[in-house]
Amino acid sequence: MAETPGAATLRKAEHEMVVCNACRYCEAYCPVFQAMEQRVTFSSGDLTYLANLCHNCGECLYACQYAPPHEFGIDVPHTLSTLRVESYESFAWPSFAAVAFRRPWIATIAALAVGVLASATAARTLRVRDADFYRVIPHDTMVLLFGIIGLFAVAAMAIGHRRFTALADPKGPRRSEGAGRSGQATADALTLKHLHATGEDCVDAEETRRPWRRWMHHCTFYGFALCFASTTVAAIYHLLLGWIAPYAYTSVPVVLGTLGGAGLLIGPVGLFLVDRSRDPQLTDASERSLGSAFLALLFLTSLTGLILLVLREKPYMPTLLVIHLAIVFALFITLPYGKFVHGIYRAAALAKFRREESL
Amino acid sequence: MIPESYDVAVLGGGNAALCAALVAADRGARVVVLERAPREFRGGNSRHVRNIRCMHAVPTDVLTDAYTEDEFMADVLRVTGGITNETLARMMIRASADATRRMNRFGVRFQPSLRGTLHLGRTNAFFLGGGKALMNSAYAHAGRLGVRVIYNAEVVGLTMRDARFESATVRTPDGEATFQAKAVVLAAGGFESNLEWLADIWGEAAKNFIVRGTPYNTGTVLRLMLDAGAEPVGDPTQCHAVAIDARAPKFDGGIVTRLDSLPLGIVVNKYGDRFYDEGEDYWPKRYAIWGRLVAQQPDQIAYSIVDSKVVHRFIPSVFPPIVAASIRELAASIDVPTGTLAATVERFNSAVRPGTFDHQALDDCRTEGLVPNKTHWAQRLDTPPFLAYPLRPGITFTYLGVKVDERARVVMKGGGVAENIFAAGEIMAGNILGRGYVAGVGMTIGTVFGEIAGKGAAGG
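Quantities reported herein were computed from a predicted structural model and do not represent experimental measurements.

Calculation rules
Residues numbered from 1 in each chain as written. Chains lettered and ligands numbered in written order. Predicted model: local features only at pLDDT ≥ 70, side-chain atom pairs only at ≥ 80, totals over all residues. Helix = DSSP H or I, 4+ residues; strand = E, 2+ residues; numbered from the N terminus. Rg over C-alpha atoms; globule rule 2.2 N^0.38 Å. Buried ≥ 20, exposed ≤ 12 C-beta atoms within 10 Å, placed from the backbone. Contact = placed C-beta atoms within 7 Å. Pairing = 2+ DSSP bridges. Right-handed = clockwise from strand over helix to strand, strands pointing away. Nonpolar A, V, L, I, M, F, W, Y, C, P; charged D, E, K, R; others polar. Domains from an automatic or database assignment. pLDDT = per-residue confidence, 0-100. Axes fitted to C-alpha atoms, helices over the stretch in contact; angles between N-to-C directions. Parallel < 35°, antiparallel > 145°, perpendicular 65-115°, else oblique. Left-handed = near helix turned anticlockwise from the far one by under 90°. Expected span 1.5 Å × (residues − 1). Core = buried A, V, L, I, M, F, W, Y, C linked by C-beta atoms within 7 Å.

1. Side note on the overall build of chain B
Move 1: Scanning chain B from terminus to terminus reveals twelve helices and 18 strands.
Move 2: The C-alpha radius of gyration computed for chain B amounts to 23 Å, which stays within 12% of the reference 23 Å derived for 460 residues, consistent with globular compactness.
Move 3: A buried classification covers 54% of the 460 residues belonging to chain B.
Move 4: Contacts in chain B between residues far apart in sequence, at least 24 positions, make up 74% of those at least 6 positions apart.

Right under this line is the structure:
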């Protein structure tokens, strides 16, 4: 059984949910309040579920008649933000890696250092005249290296997901459950429904509703998805069709990768700026730095990837490749220990919400 | 210091005040809002409200079914026992028909009608996020219209000549300041937070009252206006009070301090005796009388006692119940005479007649031979652990106000009308509600008379 998130934060969240449950003015804002109303008491599992269901849209802070400086001191977005990060820590596998959630920048720099070491070691030569990446690092070496850390990251996140489910969703999805409900939950996640659930955008500050947070998240998420698709298509070309890289600028992998790369340049910068301009009372500082560290890695991955694409014919291509792969390595290895995991737990919480709604 | 000069000065900062300010500013008037509270607690009692009662002939985006003028009027007559000005009430009801759409224009948002507390979805439109969100939207719009809002501004003096308003003097943390205006809107609420004034009326008992809303409704403007010769309206000795958890903060506890457990068990005073039929009617229809009932008990305290069978049948209180394994133990922990409480429960239990419990209906579970009997939802208190919630009177608002005419102008003693003095909201609610209350009508009064006052103050 996973260790539960911090007891002090749980107590604060429980107090807030008890006040909210007696008030219920916010019930039309989002699923957090609708899920809360289904409960009379709040276990650590319930609170962890609600924390991960919260999109931090912020409406309920400004609407709250009990928000600070009222003596009840209710700040649901901030409390759930703190609890969310603590829940990420508690689900981390292996458990000692949870420290990465508390020190995201140190973890990122350490991962980059290991990445440089790994990709420099894997590089056979830094002198190549054409755009042939595999002469710098052989294809099989690349597949082996990223295959291993990719599988490790997937395994770590799968274990985290199981720990989340054990605590927050012990009854889990039922076999009898129709595909419709999980389909709706997936749509809720992919459209970021609850960042505009009231028909308007979420708030950056009191009475300041802006679409940027949602759009920049879409740029980031779909940018990431396109890059992933690009790599998948390239793997099919290589392994099944025997078409060896480099591919033309108009080829499917390059077009997908370029579009995705553009998304991963715009999205992370946008999200970073949005986060900085949002009312700091809405989000715990730990969640903000977790986000910034992840955004930095995404941005650097994309930036070095696009530079590499443009300058792949140049003699210093091998150095660029080593740097790019070092960053990709750091991105992969920190996936289970950074902001990325919010997507896993959010999706699980959204699925649970849709399931409860159908009962 | 040279006084600042405006077209319209609005005294108060709740919904009625902002409706007046927005309507006046929309018509081009230069408006100043003098709000006594700091920004964080702005909005008077409107920051604690949930919904507004509106008539409508057909379903709307925010209201289900239909709620006619006559039905609304019948509700007002029922709760006030006829102590209302029917002309003003009907005028208000007709104007409520489009109120939500007019508020939409000011950026106010409502819940879709098929969400939330459905039993009120027909008669009342729910503000998305409640009253504080409403006030945030209104203040944001006031900013867009160039309305000047001054917080921490307590009105300490009104200068009038021959029932004409000339200026208002306010005390702020930076000192006193005077604001001249061509017209004034009085929208500063009642006097329910003025503990001395309450004590003048209710004596010692008043010190045990809890004020559910803002601490800033001390009735200063009301007092100044009555002293200046305004015709009073509403019973000066009455207030609206409900029974709330005795552990609530002295002010501003709002909605969460309410208790819904009362009809599911028994209610005893500090001597351990029952004193009223807890099952008289549905709780929303009866909870308003319990404030007065508790206020009439010794030391203004009572206890709602339930057993664990019914724990999941009421909205959980924000304060934890006092729990004990037996009635005697419970009596000891709430400091009620053990023998008396045990005897009260024993008598109650043996008086319970068999019936089919249904807390959604006026069921046939009742007692026989008790004084007073419990006429519905009477079940034996026999399943430990037993729970107690302490109760105190929680005062919501006072009825005393200033009389107004159809244009929301203040009527002076002797029948004259103050041409440039308008009133809206709780300070004149007594014109409609001589007594009693029905959910959301306070916001109807504030919105409609706020708009009329704002229009009049801006020159018609």
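2. A few points about the overall build of chain A
Move 1: Regarding its fold elements, chain A presents 15 helices and two strands.
Move 2: A compact globule built from 359 residues would reach a C-alpha radius of gyration of about 21 Å, and chain A, at 22 Å, matches this within 12%.
Move 3: Considering only C-alpha atoms, chain A reaches an extent of 70 × 40 × 40 Å along its principal axes.
Move 4: If you take every contact in chain A between residues at least 6 apart in sequence, the share linking residues at least 24 apart comes to 75%.

3. Quick notes on unusual backbone geometry
Move 1: Backbone torsion omega between Pro-68 of chain A and Pro-69 of chain A reads 10°, so that peptide bond is classified as cis.
Move 2: In this fold, Pro-69 of chain A is placed in the loop between helix H4 (59-63) and helix H5 (76-91).
Move 3: Here the amide bond leading from Val-371 of chain B into Pro-372 of chain B is cis, since omega sits at -5°, within 30 degrees of zero.
Move 4: Tracing the sequence through the fold places Pro-372 of chain B in the loop between helix H11 (338-351) and strand E15 (386-398).
Move 5: For Glu-207 of chain A, which is not glycine, the phi torsion reads 55° and is therefore positive.
Move 6: Positive phi, close to 55°, is recorded for Trp-377 of chain B, a residue that is not glycine.
Move 7: Looking at the secondary structure, you find Trp-377 of chain B in the loop between H11 and E15.

4. Here's the deal with the pairing of strand E2 (residues 31-34) of chain B
All names here are of chain B.
Move 1: Residues Val-31 and Val-33 of E2 are buried on one face, and the alternating residues Val-32 and Leu-34, pointing to the opposite face, are buried as well.
Move 2: Pairing between strand E1 (residues 4-11) and E2: four bridges, direction parallel. When the bridges of E2 are listed, Val-10 appears paired with Val-33.
Move 3: Between E1 and its parallel partner E2, the chain crosses via helix H1 (residues 15-26), and the hand of that crossover is right-handed.
Move 4: Sheet topology note: the E2/strand E5 (residues 148-150) ladder contains three bridges and is parallel. For Val-32, the partnering residue across the bridge sits in E5 and is Arg-148.

5. Describing the interface of chain A and chain B
Move 1: Opposite the 22 residues of chain A that make contact, chain B presents 25 residues.
Move 2: Only helix H1 (7-23) and H4 of chain A provide two or more residues apiece to the side of chain A that touches chain B.
Move 3: For the side of chain A that touches chain B, the element with the most residues is H1 of chain A, which contributes five residues.
Move 4: In terms of residue class, the side of chain A that touches chain B is made up of 13 nonpolar, four polar and five charged.

6. Here we look at the domain arrangement of chain B
Residues and elements named next belong to chain B.
Move 1: Annotation of chain B at the domain level lists domain 1 (4-236 + 399-457) and domain 2 (242-394).
Move 2: With twelve residues of domain 1 at the interface, the matching set in domain 2 holds 16 residues.
Move 3: For the side of domain 1 that touches domain 2, the per-class residue count stands at six nonpolar, five polar and one charged.

7. Looking at the environment of Arg-78 of chain B
Move 1: Mapped onto the fold, Arg-78 of chain B is located in helix H2 (residues 69-80).
Move 2: Considered as a pair, Arg-78 of chain B and Asp-299 of chain B are 221 residues apart in the sequence and their alpha carbons are 31 Å apart.

8. Focus on the confidence of the model for chain B
Move 1: In this model, chain B carries an average pLDDT of 95, and 98% of its residues clear a pLDDT of 70 or more.
Move 2: Overall fold confidence for the complex sits at a pTM of 0.94, while the interface term, ipTM, reaches 0.93.

9. Notes on the packing of helix H13 (residues 285-310) of chain A against helix H14 (residues 317-334) of chain A
All names here are of chain A.
Move 1: Two numbers describe how H13 lies on H14: the axes approach to 9 Å, and their chain directions differ by 155°. When the axis of H13 is compared with that of H14, the two are roughly antiparallel. Crossing handedness for the pair H13 and H14: left-handed. Counting all contacts with H13, which are made through Leu-297, Leu-300, Thr-301, Thr-304, Gly-305, Ile-307 and Leu-308, the residues of H14 involved are Met-317, Leu-320, Leu-321, Ile-323, His-324, Ile-327, Val-328, Ala-330, Leu-331 and Thr-334.
Move 2: Of the residues assigned to the contact of H13 with H14, the class counts are twelve nonpolar, five polar and no charged.

10. Quick look at the environment of Pro-112 of chain B
All names here are of chain B.
Move 1: One can find Pro-112 in the loop between helix H4 (99-105) and strand E4 (124-126).
Move 2: Owing to 14 C-beta atoms within 10 Å, Pro-112 belongs among the partly exposed residues under this scheme.
Move 3: Considered as a pair, Pro-112 and Asp-61 are 51 residues apart in the sequence and their alpha carbons are 6.2 Å apart.
Move 4: Excluding anything up to four places from it in sequence, Pro-112 contacts Asp-61 and Val-62.

11. Things to note about H2 of chain B
Move 1: Compared with an ideal rise of 1.5 Å per residue, which puts twelve residues at 16 Å, H2 of chain B spans 16 Å between its outermost C-alpha atoms and is within 8% of the ideal.
Move 2: Buried residues in H2 of chain B make contact with helix H3 (86-96) and helix H12 (441-457) of chain B.

12. Here we look at the pairing of strand E11 (residues 239-245) of chain B
Residue and element names in this part refer to chain B.
Move 1: In terms of residue burial, E11 counts as a mostly covered element, since seven of its seven residues are buried.
Move 2: Two strands pair when backbone bridges link them, and E11 and E15 are joined in this way by seven bridges, in the antiparallel orientation. Pairing of Cys-239 across the sheet is with Thr-398, part of E15.

13. Regarding the nonpolar core
Move 1: Counting 240 residues, the largest nonpolar core has Val-8, Val-10, Leu-11, Ala-20, Ala-21, Val-185 and Leu-186 of chain B as the members making the most contacts within it.
Move 2: If you tally residues by element for this core, the top one is H14 of chain A, at twelve residues.
Move 3: Residue contributions to this core reach at least three from each of two domains, namely domain 1 (4-236 + 399-457) and domain 2 (242-394) of chain B.
Move 4: Sequence-distant contacts of Ala-20 of chain B, defined by excluding residues within four places in its chain, comprise Val-10, Val-185, Ala-187, Ala-424, Gly-450, Ala-453, Gly-454 and Ala-457 of chain B.

14. A short note on helix H7 (residues 104-122) of chain A
Move 1: Here H7 of chain A contains 19 residues, and its C-alpha end-to-end distance of 26 Å stays within 8% of the 27 Å for a straight helix at 1.5 Å per residue.
Move 2: Those residues of H7 of chain A that are buried are in contact with helix H6 (99-102), H13 and H14 of chain A.

15. Regarding the packing of H1 of chain B against helix H5 (residues 131-144) of chain B
All names here are of chain B.
Move 1: As a packed pair, H1 and H5 sit with axes 10 Å apart at the nearest point and diverge in direction by 25°. Classed by the angle they form, the pair H1 and H5 counts as roughly parallel. In this structure, H1 crosses over H5, and the sense of that crossing is left-handed. Seen from H1, the contacting residues are Asn-15, Leu-18, Ala-21 and Leu-22; seen from H5, they are Leu-134, Met-135, Ala-138, Tyr-139, His-141 and Ala-142.

16. What about the environment of Phe-386 of chain B?
Residues and elements named next belong to chain B.
Move 1: Inspection of the secondary structure assignment puts Phe-386 in strand E15.
Move 2: Assessed through the 25 C-beta atoms surrounding it within 10 Å, Phe-386 is described here as buried.
Move 3: Through-space distance from the C-alpha of Phe-386 to that of Val-311 is 9.6 Å; in sequence the pair is 75 residues apart.
Move 4: Excluding residues within four positions of it along the chain, Phe-386 makes contact with Ile-305, Asp-307, Ala-324, Ile-327, Leu-330 and Leu-381.

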